Each structure stands twice: as structure tokens, then as C-alpha cells.
Amino acid sequence: MDITKFVVSGRAQAFGDNAVYRGQLSRRLLKSRKTLGIATRNRGKYQKKDEVTAEQIRENPEYVRLLLLTSERAWAHAMSMRTAHMADAKGIAGRTRSHIISRIEKAAHTAEHLVSILSDSEDSGAKSTDILEAFAYAGMMRGAANFEKQSWEKCLKNYSVSHAIYSALKTSSADGETYKDLLSEIIDPSIQFAAYQLKTPRTVPVHIIARKAFPTSNSFLVDEINERDPSVLRQEDAESKQEAGVEDVPKTLAWRSREVRIEDAAIALAWKATLAAKEALTSKVASSGSIVPKELAGAYDDILTATQDAVDATKQALDELRGENVPQTDPRMQSLQITRTAVNFEMISWRVGRNRVLTGPHDGALEDYAELSKRELKKRAKAKDENKPREMKLKQKLNKLKERVALYDGALQNLEEAKALPGVPADEELTQRLEATEKYFTALKALSIARSHALTGNRRNALALLAHAHTLVQTSTPILTSPTTPNSPLNIQVSPTDLSFLESLLDGQVQRFRALVHIEKKLEENPPKSRVHPSVPLIDRLHEWPAEGVDLENLVEWPPKLPLIPGKPIFLDVAWNYIDYPGRRTEEVEEKKEEEEKGEAAKPAPAPQKRGWFGFGR
Ligand SMILES: *[C@@H]1O[C@H](CO)[C@@H](O)[C@H](O)[C@H]1NC(C)=O
């Protein structure tokens with residue numbers, strides 16, 4: 001018979017607009033009656049005289065649909081009236097209210113009638129699942145009627161029937177989604193609200209409330225539910241679960257030396273998940289030494305989701321209290337406010353941490369443009385050129401710096417949010433710390449921008465930014481003094497080590513750029529003479545300071561040419577005596593002849609004609 005599916009798919013077609021839904025239902029009812037051959041002229045009479053019977057259902061299942069459509073139409077009518085009068089100044093009261101109630105009562109009555117005729121299974125031919133679904137539907141309708149009448153106890157009982165049936169069907173049937181949606185969208189919120197009206201503590205989970213309210217006297221329901229999922233109604237089990245749950249769930253939460261009671265089960269659960277995620281992240285960070293930034297950032301997903309859940313749960317709890325006009329001075333309200341600030345701060349803290357991880361080691365302070373994705377690491381390992389990382393193009397480097405600036409901006413925005421959280425502006429110490437942290441990130445941002453200026457040859461701008469960053473870090477150093485545990489995952493807390501690293505790095509960079517700018521200025525004042533001997537190799541100009549730079553292409557002349565080398569003439573003279581020059585030989589011979597001709601008379605030899613250049617050596 002698919003009672004639940006029939007109802008849910010019909011409601012889905014109206015997209016939540018109950019007035020539209022009512023119109024659709026009227027048309028479908030008309031069609032259904034026509035199919036069944038029921039006269040529609042005398043509607044008043046029809047209700048009294050011809051209530052649908054079990055036999056009729058056995059003959060034609062269309063009768064089930066007729067009853068469901070009738071019930072749904074009355075319900076849609078009530079709901080659309082409720083929506084229309086929601087904005088009324090006095091709220092829904094008087095005639096409108098009683099009209100709404102009468103419509104829902106009619107819906108509930110019709111649904112209960114369906115239950116009673118289906119239960120006569122011998123005559124109706126209904127299967128036990130059909131009867132269960134009818135029970136659940138009737139519970140929902142009667143629950144809504146009691147909700148409207150503010151009979152919270154009855155309301156809770158009726159919804160608990162639907163809760164138990166849908167929970168059992170959810171686990172035992174193939175398409176559990178429909179039941180899950182009904183539970184989370186209609187049944188659970190109604191049960192929670194009714195329970196709250198009955199002053200049930202918020203820390204009790206819904207399934208426990210529902211199980212306690214369930215009418216165990218109905219043996220048919222108990223048997224059928226146990227057959228499908230025995231855990232739904234099992235008392236000890238549920239209770240031990242609750243005990244374990246309560247024991248496990250954190251009861252308090254610390255915020256700035258204060259210990260606050262957690263008021264709401266949902267918050268407690270979300271906070272528990274947050275603590276677990278924190279532990280998981282810590283062990284992950286501690287165990288994996290060199291993890292790629294992108295991967296590590298992925299490890300933050302869990303804690304971000306958990307904290308977001310805690311934030312949502314707190315907001316919902318606060319909204320509920322406000323909706324019930326609980327005054328701000330109520331202690332519940334007070335501790336919820338503190339809880340809100342605490343969970344929001346936690347979330348912001350991890351968001352900042354994630355950004356820090358993404359900027360790379362030392363919060364991106366190093367001049368390291370390599371983006372080592374896992375794939376790239378593998379590629380490199382393959383290529384085995386780990387020792388010479390690929391040179392990046394200027395544009396890639398600038399893009400990387402831009403990315404970092406965006407991450408710092410994200411962190412700064414989060415810090416701004418943290419400063420605005422309720423209670424934080426009055427907390428002087430915390431505000432001071434947050435401001436110092438802001439300075440740290442602003443300094444990092446300035447460093448990145450300075451680097452991009454330096455890359456594009458704008459050294460003066462770089463120097464100015466670096467000097468600015470340096471002062472910022474110096475002012476935050478005395479404030480951020482509390483150390484973090486080593487190897488803990490990064491979050492909003494900036495450790496003194498981080499600060500001193502950045503400070504010394506900035507100090508060095510300021511010195512460096514001061515020198516660079518100084519040289520630049522000197523060069524501008526007296527530009528180097530243009531190269532005098534561009535063709536003379538460096539080896540011949542070692543006595544000159546190469547102000548214009550060194551032409552590394554022209555170190556020596558190669559291949560060397562044969563050059564002239566001046567020698568010492570004296571050695572040539574020594575050789576003179578031993579060399580037979582053509583002219584000298586004849587001269588000497590003639591001299592000898594002359595001597596012989598002049599006789600034996602020894603005469604001092606005349607001064608020789610040819611002498612060494614210095615007059616000796618003969
Ligand atoms: C609704 O609750 C009342 C009070 O417990 C009970 O008498 C009635 O049978 C319930 N109806 C349904 C449909 O569960």
C-alpha cells in the first residue's frame with residue numbers, strides 16, 4: 001500500500017507550500033471519488049453514512065488513498081491557515097485557532113480510522129507493514145493536533161509511536177531515506193519541543209525521550225517493532241547507551257579560565273566530536289614529519305566540520321531560548337552565550353591554522369616558491385634531479401606570492417571576526433593578543449609583497465615594506481610570549497619561536513635591501529664609465545675594478561695569438577762571438593791579411609770596429 005511513500009511524494013510535489021498542496025489534494029480527491037464511483041453531491045451526508053470499511057479496502061485499495069487524501073487535505077488546510085496568520089499581531093488566537101485545531105483533528109480522526117480498519121487484517125487484507133505505517137501516520141497527525149492544543153504529554157506520546165515505527169522501518173526496509181527525512185524534519189524537532197515544554201533537560205537525547213514516552217501497552221506495535229529492529233525499544237540497551245553517552249560527553253567547556261556548563265545535548269555531542277578531531281589532528285601532525293601542505297590542510301577538514309557543528313548547535317539552542325522569551329539574565333542564557341564565544345573562537349582558530357599550513361613552512365616566511373604537490377614529488381623522484389629544482393618563471397613566483405597574500409588576508413579576516421565575538425572586546429588581554437597576532441600576519445603579508453617588488457626590480461618599495469614589517473613584529477614580540485607545544489597542529493596561537501624566526505629573517509632582509517638600495521643609489525649618482533676596452537679580456541684588466549660588471553664571456557683570449565715579447569739584448573751580444581754572420585767573416589779575413597802584410601812588427605791591435613753595444617765582451 002506504501003502509505004508513507006504516498007504521503008511523502010504527494011507533499012513533495014507542493015514544494016512545501018501548503019496552500020498549493022491543498023489545491024492539488026482537492027483535485028486528486030475528486031478523481032479518486034470518481035474512480036470509486038462515489039457521489040460527491042452530498043458531502044455532509046457521505047461522512048456520516050458511508051465510512052470506509054475494511055471490506056471495501058480489501059476490494060479496492062483506492063479506498064486507502066481516499067482516506068489518506070482526505071486526511072492530508074484537512075491537515076494542509078490547517079497548515080496553510082497557520083502560515084497565513086503567522087504574522088498576525090496577536091499571534092494565532094480565537095476563532096482562527098479553533099478552526100485550525102478542528103481541521104487537524106479531522107485529519108487525525110481520518111488517520112485513526114484508517115488504522116482501525118486496516119488493523120482488522122482478516123477483512124482488510126493489510127500486511128503488518130501497512131498497519132505499522134498507518135499507525136505511524138496517525139501518530140504524526142494526532143501528535144500535530146495535540147501540539148496545536150499544547151497538550152504536550154499526549155503530543156509526545158503520539159510522536160513517540162511514529163518515532164519508534166519509522167526508526168524500525170528505517171533499518172529494516174530498503175529505502176530508509178524517506179523515514180530518515182521524516183524523523184529529522186518533522187518528528188525529532190516536535191519531540192524536542194514538546195519535551196522542552198515538559199521541562200526535560202536538554203542533555204537527554206531525542207531517542208531516549210521517545211523511547212520513554214512510547215506506549216508499551218500496545219503489544220501489536222511492540223512485537224512488530226521488535227521484529228524489525230529490536231534495538232529501538234530495548235530498555236537496558238537504550239539506557240546503558242544513554243549512560244555511556246552521558247559519561248563520555250563533556251559536561252563543561254573551558255573558556256578563558258572559566259568553566260561553563262554545556263546546556264544542550266547537541267552542543268555536548270558536537271564538542272565531543274571537536275575534541276576527538278583535535279586529538280586525531282594532533283597525532284597526525286606528530287606522526288608525519290614531512291607532510292605536503294595541501295595534504296595537511298586536508299587533515300583540518302574534520303575539525304573544521306566538527307567546530308562548525310558545535311557553532312550551529314549553539315546558535316540553535318540560543319535561538320530556541322530566545323524564541324521562548326527566556327531573559328538574558330537567565331543562567332542558561334549566560335552560559336550559552338559564553339559557549340557560543342568559545343566554540344566560535346575554536347572554529348576561527350582552526351581556520352587560521354589551516355591557512356597557516358597552506359602558506360608553507362614558517363608561515364611562508366621563507367623565499368620558497370616550490371609548490372610540492374604529491375604528483376610533482378613523484379615526478380621529481382623519477383627524474384632524479386632532486387638536487388636541482390626547476391627554476392620557476394617570474395610569473396609563477398609572483399602568483400605564488402599573491403596566493404600567500406590571499407591566505408594571510410583570510411587569516412586577518414578571521415582574526416577580525418574573533419575580535420568581534422561577544423565578550424571578547426571587553427577582554428583586554430585577549431584583544432591585545434589578537435591584535436599582536438594580527439600584526440604578525442600583516443608583517444608576513446608585507447614580506448610577501450616586498451618580495452614581489454624585489455622580483456620586479458623595485459628594491460626601494462621592498463625596503464620600505466620590510467622595514468614596516470620589522471617594526472610590526474617587534475611590537476608584537478613582547479605580547480605573544482606563551483609558547484605552544486612543539487609539533488602541535490597550527491592554530492591561531494603564534495609561538496615566540498615563530499615570532500623570533502620572522503624577526504631575525506626580517507632583520508636580515510632589511511639589512512640586505514638597505515645595502516642593495518644604497519648601491520643602487522650610488523650607481524645612479526655616478527654611473528660607471530662605459531666599458532673602455534670591451535674587447536680586452538679580463539685577465540689583462542685585473543688591476544681595474546669592474547664597476548660595470550664582468551664579461552664572463554671574455555676572460556682570456558683563446559686560442560692565444562703569437563705576440564711579440566721584448567728580450568734582453570745583452571744575451572744576443574754574448575752570442576755574437578759564436579755566430580758566423582756572413583759579413584763579419586770576410587772582414588776578419590781581410591784584417592788578418594793586412595796584419596801579415598805589415599810584417600812581423602807587433603803593433604797594438606787597432607780598436608776593433610765591431611764591439612758590443614756596451615764596449616766590452618771581446
Ligand atoms: C495519541 O496519544 C493519546 C494519549 O496517549 C492516545 O490515547 C492515542 O491513542 C494516541 N493516538 C495515536 C494515533 O497514537
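Residues numbered from 1 in each chain as written. Predicted model: local features only at pLDDT ≥ 70, side-chain atom pairs only at ≥ 80, totals over all residues. Heavy atoms only, no water.

Tallying secondary structure elements over the chain gives 24 helices and two strands in all. The 618 residues of the chain split such that 39% are buried. Carbon and sulfur atoms make up 54% of the accessible area of the chain, which totals about 36800 Å². (Helix = DSSP H or I, 4+ residues; strand = E, 2+ residues; numbered from the N terminus. Buried < 20%, exposed > 50% of the residue type's maximum accessible area, 1.4 Å probe, protein only. Areas by Shrake-Rupley, 256 points an atom, 1.4 Å probe, with all protein chains shown as cover.)

Turning our attention to the pairing of strand β2 (residues 258–261). Bridging between strand β1 (residues 252–255) and β2 involves four bridges; their strand directions are antiparallel. Across the sheet, Leu253 pairs through a bridge with Val260, a residue of β2. (Pairing = 2+ DSSP bridges.)

Turning next to the site of the ligand. The full set of residues close to the ligand is Glu112, Ala138, Gly139, Arg142, Lys154, Lys157 and Asn158. In the complex, the protein chains occlude 59% of the 360 Å² of accessible area that the ligand would expose alone. Elements supplying a minimum of two residues to the shell around the ligand: α8 (128–148) and α9 (152–172). Taken together, the residues that form the shell around the ligand break down as one nonpolar, two polar and four charged. (Near = heavy atom within 4 Å. Nonpolar A, V, L, I, M, F, W, Y, C, P; charged D, E, K, R; others polar.)

By the secondary structure assignment, Lys272 is in helix α14 (residues 265–287). Residues Lys272 and Thr307, 35 residues apart in the sequence, show an inter-C-alpha distance of 9.9 Å.

For the rest of this paragraph, the subject is the pairing of β1. Side chains Leu253 and Trp255 of β1 all project onto a buried face; the interleaved residues Thr252 and Ala254 project onto a face where none is buried. Hairpin remark: β1 followed by β2, antiparallel, with two residues in the connecting loop; positive phi at Arg256, about 50°.

Attention now moves to a negative patch on the surface. A grouping of Glu55, Glu59, Asp120 and Glu122 is seen on the molecular surface, where their side chains present a negatively charged patch. Mapped onto the elements, Glu55 comes out in helix α4 (residues 54–59). The partly exposed category is assigned to Glu55, whose relative accessible area is 40%. (Patch = residues over 30% accessible without salt bridge, like charges linked within 9 Å, V, L, I, M, F, W, Y side chains within 5 Å. Salt bridge = Lys/Arg side-chain N within 4 Å of Asp/Glu carboxyl O. Lys, Arg positive; Asp, Glu negative; His and termini not counted. Charge placed at Lys NZ, Arg CZ, Asp CG, Glu CD.)

In the predicted model, the chain carries a mean pLDDT of 83, and the fraction of residues at 70 or more is 83%. Across residues 45–49, confidence stays below pLDDT 50; counting only partners more than four residues off in sequence or on other chains, it has five contacts. Every residue in residues 240–244 scores below 50 in pLDDT, and together they form two contacts with partners more than four places removed in sequence or on other chains. (pLDDT = per-residue confidence, 0-100. Contact = heavy atoms within 4.5 Å.)

In this section: helix α11 (residues 206–213). For an α-helix the count is 3.6 residues per turn, leaving residues at separations of three or four pointing the same way. In terms of burial, α11 is a largely internal element, six of the eight residues being buried. Residues of α11 that are buried include every one of Val206, Ile208, Ile209, Ala210, Arg211 and Ala213, and no others.

The subject of this paragraph is the nonpolar core. The tendency in soluble globular proteins is for nonpolar side chains to be buried as a group. Of all hydrophobic cores here, the largest spans 74 residues; its most connected members are Leu114, Ile165 and Tyr166. Here this core gets twelve residues from one element, more than from any other, and that element is helix α5 (residues 62–85). Residues within four places of Tyr166 in sequence aside, it is in contact with Thr4, Ala136, Tyr137, Met140, Tyr179, Leu182, Leu183 and Ile187. Membership of the second largest hydrophobic core comes to 60 residues, among which are Leu318, Ala418, Leu480 and Leu499. (Core = buried A, V, L, I, M, F, W, Y, C linked by side-chain atoms within 4.5 Å.)

Relative to the helices and strands, Ala443 resides in helix α20 (residues 428–455). The exposure class of Ala443 is buried, given its relative accessible area of 0%. In this structure Ala443 touches Ala469, Leu472, Val473 and Leu502, once residues within four positions along its chain are discounted.

In this structure, Pro559 follows Trp558 across a cis peptide bond, with omega equal to -5°. As for its position among the elements, Pro559 is in the loop between α22 (496–525) and α23 (569–576). A positive phi angle, close to 65°, is found at Ser257, a residue other than glycine. Turning to its location among the elements, Ser257 is positioned in the loop between β1 and β2. Even without being a glycine, His362 presents a positive backbone phi close to 55°. What makes His362 partly exposed here is its relative accessible area of 40%.

Within a pair of aromatic rings, the relevant descriptors are the distance that separates the centres and the angle that separates the planes. The full count for this structure, using the stated rule, is eight aromatic pairs. With a centroid separation of 5.6 Å and 65° between ring planes, the pair formed by Trp152 and Phe193 is classed as edge-to-face. Of this pair, Trp152 sits in helix α9 while Phe193 sits in helix α10 (residues 177–197), and the two are 41 residues apart along the sequence. When its relative accessible area of 31% is taken as the criterion, Phe193 is described as partly exposed. These aromatic residues form a ring-pair network of at least three members: Phe147, Trp152 and Phe193. For Arg11, the ring lying beneath its charged end belongs to Trp75, and the centroid distance is 3.9 Å. (Phe/Tyr/Trp six-rings, centres within 6.5 Å; stacked < 30°, edge-to-face > 60°. Lys NZ or Arg CZ within 6 Å of the ring centre and 35° of its normal.)

Turning our attention to the side chain of Gln509. Position of Gln509 among the secondary structure elements: in helix α22. On the basis of relative accessible area, Gln509 is assigned to the buried category, the value being 15%. Ignoring any residue separated from it by four or fewer positions in sequence, one finds Gln509 in contact with Arg451 and Leu466.

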